[in-house]
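# What the coordinates show
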Amino acid sequence: MNDNPHRTAEESRTARRVRVVHPRTAAVRRVPSRGVLHEMGDETVLGEIYLRSLVRSQMRLGLLVCACAALTLGGTALWMALDPGLDHRHWLGMPAGWLILGIAVYPVLIGMGAYFVRHAEHNERDFAVLVRDR
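Residues numbered from 1 in each chain as written. Predicted model: local features only at pLDDT ≥ 70, side-chain atom pairs only at ≥ 80, totals over all residues. Heavy atoms only, no water.

A word on helix H4 (residues 45–82). For H4, which comprises 38 residues, the first-to-last C-alpha distance of 53 Å matches the rise-based estimate of 56 Å (1.5 Å per residue) to within 8%. Every buried residue belonging to H4 is among Gly47, Tyr50, Leu54, Ser57, Gln58, Leu61, Gly62, Val65, Ala69 and Thr76, and all of these are buried. (Helix = DSSP H or I, 4+ residues; strand = E, 2+ residues; numbered from the N terminus. Expected span 1.5 Å × (residues − 1). Buried < 20%, exposed > 50% of the residue type's maximum accessible area, 1.4 Å probe, protein only.)

As a further point, take unusual backbone geometry. Phi is positive for leucine 92, close to 55°, though the residue is something other than glycine. Turning to its location among the elements, leucine 92 is positioned in the loop between strand S1 (90–91) and strand S2 (94–95).

Bringing the environment of alanine 69 into the picture now. Mapped onto the fold, alanine 69 is located in helix H4. Separated by 39 residues in the primary sequence, alanine 69 and valine 108 place their C-alpha atoms 8.5 Å from one another. If sequence neighbours within four positions are ignored, alanine 69 has contacts with Leu109 and Met112. (Contact = heavy atoms within 4.5 Å.)

Moving on: the confidence of the model for the chain. When pLDDT drops low, the exact placement of atoms in the prediction is not to be read closely. For the chain, per-residue confidence averages 79 on the pLDDT scale, and residues scoring 70 or more make up 70% of the total. Helix H2 (residues 25–28) is the least confidently modelled element of the chain, averaging 56 in pLDDT, while H4 averages 91, the highest of any element. (pLDDT = per-residue confidence, 0-100.)

The next point concerns the environment of glutamate 121. Relative to the elements of secondary structure, glutamate 121 occurs in helix H5 (residues 96–133). Judged by its relative accessible area of 43%, glutamate 121 falls in the partly exposed class. The spacing of glutamate 121 and glutamine 58 is 63 residues in sequence and 9.6 Å in space, taken between C-alpha atoms.

Okay, structure coming up:
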């Protein structure tokens, strides 16, 4: 369709579109703010603060799980040292101390590992939300 009867077919094909905007539209434009990811990528002070908070929360979690594991294993060893009768008690044909160290401790350690993974992922999700929202 040729909306201008005086325009040739060649001019119609090469005509450029013109964008019409309100004159005040350009005045509203602002400089986009830098995101937290840029702050961390550029190694700014703010980015370092965010990363340090993630590292601290993961460190606290790791130290908590390590302390619990040390108390579990140390407590078991202490119990065996303080109760010499464990060597003479047998369950399922094995000394009770061996059963405690070989079987009973592992579910507790696996539970601690699951706790660590679940909470470490939670810390990372919280950090990702914090970074995304800024």
